[in-house]
Amino acid sequence: MVDTEAGQARITWRRAADARLVLAVSHGAGGGIEARDLRALAETLPGHGVSVALVEQPWRVAGKKVAPAPRTLDTGWRGVWPALVREGLPVVSGGRSAGARVACRTAGELGAAAVLALSFPLHPPGRPERSRAEELAGVTVPLLVVQGGADPFGRPEEFPAGLRPAAVVPHADHGFAVPRRAPLTQDDALRLVTDAVTAWTATLA
């Protein structure tokens, strides 16, 4: 448990035996660290020298069902950062959905080594005019965006040139779920996520 100005957050560690990096990832506004992609990364990356810190925002720890305003999410993330850098390793700031937005907004001030954005919510569903591309554009460290091909919060082709996702999971929705009729299985979809992140982190240190 970590005290922050937004309340108590929680970090669940999955440490690598000989870590060279820490990947800190937080959840979205509608779920927790049990999300399929976060679980898959926590199971896979420690075997590749990356310790994974699964961060639960204070609102989630408190049992609330609705996420607070973005500025409060940023406050919670800032509050856990000292516990992350205490490992003495470069820290990659990451998250899925709303957590990805937090990572993008705070990367510069916190000194993140890189940013991982899973299912970045480019816009609210059906509202492409309300773009959040400026949050991605503001990232000045290495950035990896992993997006579902059918994500209603932003399909890969909707991203501006230069900000397009480097890794795409075909047919996947915002939670990287794929329909049964898709030509790939759910395990295949998650493997695309973990393979992309594993290869990318290998270039960072």
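Bear in mind the structure is a predicted one, so any value in this text is a computation, not a measurement. (Residues numbered from 1 in each chain as written. Predicted model: local features only at pLDDT ≥ 70, side-chain atom pairs only at ≥ 80, totals over all residues. Heavy atoms only, no water.)

So, about the environment of Gln 186. Examined against the element boundaries, Gln 186 turns out to sit in helix 6 (residues 186-202). A relative accessible area of 25% places Gln 186 in the partly exposed class. Separated by 19 residues in the primary sequence, Gln 186 and Ala 205 have C-alpha atoms spaced 30 Å apart. In this view, Gln 186 contacts Arg 36, Phe 176, Ala 177 and Val 178; residues no more than four positions away in its chain are not counted. Within the local environment of Gln 186, its side chain forms a polar contact with the backbone oxygen of Phe 176, the two atoms lying 2.7 Å apart. (Helix = DSSP H or I, 4+ residues; strand = E, 2+ residues; numbered from the N terminus. Buried < 20%, exposed > 50% of the residue type's maximum accessible area, 1.4 Å probe, protein only. Contact = heavy atoms within 4.5 Å. Polar contact = N/O pair within 3.5 Å; in protein donor to acceptor, adjacent residues only side chain to side chain.)

Let us look at the layout of surface pockets. Of the voids in this model, the largest pocket is the one considered here, and its volume is about 280 Å³. Along the wall of the largest pocket there are 19 residues; nearest its centre are Gly 28, Ala 29, Ser 97, Ala 98 and Pro 121. For the lining of the largest pocket, the elements supplying multiple residues, two or more each, are helix 1 (36-44), helix 3 (70-85) and helix 4 (98-110). Here the element with the most residues in the lining of the largest pocket is helix 4; it accounts for three residues. Residue classes in the lining of the largest pocket are distributed as nine nonpolar, four polar and six charged. (1 Å grid on protein atoms, 1.4 Å probe; cavity = no way out; pocket = protein on both sides within 12 Å on 5 of 7 lines; lining within 4 Å. Points joined across faces, edges and corners; volume = space filled by probe spheres on them. Nonpolar A, V, L, I, M, F, W, Y, C, P; charged D, E, K, R; others polar.)

Keep in mind these values describe shape, not function.
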